[in-house]
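# Working through the structure, step by step
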Amino acid sequence: MKFPLARTHRLHELRPSHCGQRVTLMGWVNRVRDLGKLVFIDLRDRWGLTQLAFTTDVLVTPLAEVLAVRDEWVLAVQGEVAARPQEMLNHKLPTGEIEVQVTQWQVLSTAEVLPFPIAEGANITASDSTRSTYRYLDLRRSPVKDSILQRVKLVRAIRNALEAHDFLDIETPLLYKSTPEGAREFIVPSRIQPQHFYALPQSPQLFKQLLMVAGFDRYYQIVKCFRDEDLRADRQPEFTQVDCELSFVDQEQVLTIIEQVVQLALQEFNPDYEPRPFARMTYAEAMDNYGSDKPDMRYGLKLQQVDTEIFAGCGFQVLEDVVPADGEAIYAIKATNCGDKFSRRDFEQLQEVVRTAGGAGLLWIKVQQTLDDASAWQSPLKKYLDAARVQNLTKLLSLQLGDVVFLSVGERQRTRLALGALRVHLAERLQLCDDQQQCWLWVTDFPLFVRDREGKLGAAHHPFTRPHADDVQYFGSAPDKIRACAHDLVLNGVEIGGGSLRIHEPELQRQVFAALQLSAQEIDRKFGFLLRALRYGTPPHGGIAIGLDRLAMLLSGNSSIRDVIAFPKTHQGTCLMTAAPTTLPAEVLRDYHIKVD
RNA sequence: GGGGGCGUAGUUAAGUUUUGGUUAUAACGCCGGCCUGUCACGCCGGAGGCCGCGGGUUCGAGUCCCGUCGUCCCCGCCA
């Protein structure tokens, strides 16, 4: 039975008002319900479901042929929209008040038995590897499909917001030059230039700066970036950034304009979103109060430094031995009224959390029975806490009965980071995070440099980041003190974006390269093109790159960025569907001048 | 580079220790039959297994040991 293949409606839109209309529908078989002389098929497309009814009363073909139809076949049907009897309405379905009584139909495509159920409402999910192998089927499933659709909506909203603010979408090359300063790169051999290699960009950083030199004030690009590093739940070898750059701006303007763009995009993405100014915090404040450069502001559990005087002479070695002059400190986190939620074994687990995060160890105090007498408390410290110390601690931390105090001791930065990790762990454990809440935060004034384990200076962000004008004086004497005009955008404890003002003076840029101990030849070979460009009239400029995958992940309520990428890689960087990467035949490698053992 | 979890019908899991032992269990799916108001339809019947792979211990291994592969999570790494 053949009829013209032109859909009259999508599968979410038929209503009682369409009753009596002759319609042509197409889609996948979501489910077949065979009642003998009556067969129902739910037909599905990306918009929704519509129930088809097949009966001998109106069907012009044998009903037996319908019984051969299986899940996920692709059908085209013609029929009449009919109201369902009052007691047969399905209120779970937007189209649940009607059905289509099929007169003729055709099979557009059959499907083999599926590796996992796809139908709406199917509650068994296959393993990640099975789903990845059949990603195109997984994408038909509602939660997965919805996440991708949310991402599509987000991208559209971001693009609209950027366009509304006069940003220009300009593409930059993917075949780029190797600049092995930061992450490891993906390398692309050149066939035409023997033994020469392109690299795939870790970000379009230098090209967007060159676009500013070129005069394209307000550039953006929603662009793939590549890093050949090990993967995580929130890290893929190729990922997408919303890359932005503006000219003739100071840092305040960058933050203001980007914040406006993000707010505008969020409002289009979710009309219920109520814009509130993003919080601001310096890196120093973030580290000191939260032990993190990307604090989750949805809950408290702030870090508090404890004066070493309180424990002087207490008899407990670990606390007595702290030497502030050597950069050591005691930090505490108070968890309010949750003593009953922690057993001795729980504390041991938490100790492990702190150690994994690089902390030296963890001490705890369960404040119970009385506020005045530590002998009633539960703590490895209790016999070292005399009345005066109890009083000091109670006052410092405003202790109440039922509170739990966590203490960690050691080198300042390590200890803060370890307690920062504990803070995140505690919040999850005590369920302090409201999934509906969005806490946006700008973190500013990062250090310009960080030292690696050998003490060698490296760029904290990247070497094109502008140093704070007040701190340039420290270049020769104390480079660790130099703050950068850098900013990170944080949402609920996740780094969503990072950016900075850039250096637009060749001499200052040279100074930074020199501080990073690049020789004059290296500077010239790697970044000569940049220094040359900066000499030809470069406006002050700055920008940001926003991690689209992570943002889409958070806004769609997922916990892995794989959920918002149509075809993600596995944890090992492979593709189970296509089996990439592969080896290559010797003759191909020869063309590319590559020898393999 | 290091640590950990998992791997059993098409799929998801139970069984793996304390205890190695007859025919490896269930649900969903699949196949066949019945049913004109279902919508996770129902009822009856059936098929389906290299227990990831290789080696070892043992009379005997899904179960114990060694190795290996795959996948997930974490640390390192991610200027």
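This one's a predicted model, so the numbers in the text were calculated from it and none came from an experiment.

### Describing the domain arrangement of chain A
Taken domain by domain, chain A holds domain 1 (16–109), domain 2 (145–282 + 440–587) and domain 3 (299–429). Spacing between the C-alpha centres of domain 2 and domain 3 amounts to 38 Å.

### What to know about the pairing of strand β15 (residues 404–411)
Across the eight residues that make up β15, a large majority, seven, are buried. Looking at chain direction, strand β13 (residues 328–335) and β15 are connected through eight bridges and run antiparallel. Residue pairing in the sheet places alanine 329 in a bridge with glycine 410 of β15. Note that strand β14 (residues 363–366) and β15 share four bridges and pair antiparallel. Each residue of the ladder has a partner; that of tryptophan 364, found in β15, is phenylalanine 406.

### As for the protein's contact with RNA strand B
Surveying the vicinity of RNA strand B reveals 51 residues, the closest of which are Arg31, Asp34, Met88, Gly182 and His461. Restricting the count to atoms of RNA strand B within 4 Å of the protein gives a sugar and phosphate share of 54%. Side-chain polar atom of aspartate 57 to a base oxygen of RNA strand B: 3.4 Å apart, as the coordinates give it. Residue methionine 88 places a main-chain N or O atom 2.4 Å away from a base nitrogen belonging to RNA strand B. Counting only elements with at least two residues in the surface near RNA strand B, the list comes to β1 (22–34), β2 (38–44) and α2 (128–133). Here the residues of the surface near RNA strand B sort into 15 nonpolar, 16 polar and 20 charged.

### As for the packing of helix α9 (residues 344–356) against helix α11 (residues 412–429)
With their axes 8 Å apart at the nearest point, α9 and α11 run at an angle of 135 degrees to one another. Looking at the two axes, α9 sits oblique to α11. As for how α9 packs across α11, the hand of that crossing is right-handed. On α11, the residues that touch Asp346, Gln349, Leu350, Val353 and Val354 of α9 are Ala418, Ala421, Leu422, His425, Leu426 and Arg429.

### Examining the sheet that holds strand β19 (residues 486–491)
Read across the sheet, eight strands follow the order β6-β9-β10-β21-β20-β19-β16-β11 without closing on themselves; strand pairing throughout is mixed. Both edges of this open sheet fall to β6 (168–169) and β11 (279–282), since each of them pairs with a single strand only. Taken together, the two bridges between β6 and strand β9 (residues 219–226) define a ladder with parallel strand orientation. Looking at β9, one finds that leucine 168 is bridged to tyrosine 219. Against the sheet, helix α5 (residues 205–213) touches β9, β10 (238–247) and β21 (541–547), its axis set at about 25 degrees to β10.

### Brief notes about the nonpolar core
Core analysis: the biggest nonpolar cluster contains 41 residues, and Phe167, Ile258, Trp440, Ile546 and Leu551 have the highest contact counts within it. Breaking this core down by element, the ones donating at least two residues are α4 (142–164), β10, α6 (251–269), β16 (440–444), β19, β20 (494–501), β21 and α14 (548–555). No other element matches the nine residues that α6 contributes to this core. Those residues within four positions of isoleucine 258 in sequence are excluded, and the remaining contacts are Phe167, Cys244, Leu246, Trp442, Ile544 and Ile546.

Calculation rules
- Residues numbered from 1 in each chain as written.
- Chains lettered and ligands numbered in written order.
- Predicted model: local features only at pLDDT ≥ 70, side-chain atom pairs only at ≥ 80, totals over all residues.
- Heavy atoms only, no water.
- Domains from an automatic or database assignment.
- Buried < 20%, exposed > 50% of the residue type's maximum accessible area, 1.4 Å probe, protein only.
- Helix = DSSP H or I, 4+ residues; strand = E, 2+ residues; numbered from the N terminus.
- Pairing = 2+ DSSP bridges.
- Near = heavy atom within 4 Å.
- Polar contact = N/O pair within 3.5 Å; in protein donor to acceptor, adjacent residues only side chain to side chain.
- Nonpolar A, V, L, I, M, F, W, Y, C, P; charged D, E, K, R; others polar.
- Axes fitted to C-alpha atoms, helices over the stretch in contact; angles between N-to-C directions.
- Parallel < 35°, antiparallel > 145°, perpendicular 65-115°, else oblique.
- Left-handed = near helix turned anticlockwise from the far one by under 90°.
- Contact = heavy atoms within 4.5 Å.
- Core = buried A, V, L, I, M, F, W, Y, C linked by side-chain atoms within 4.5 Å.

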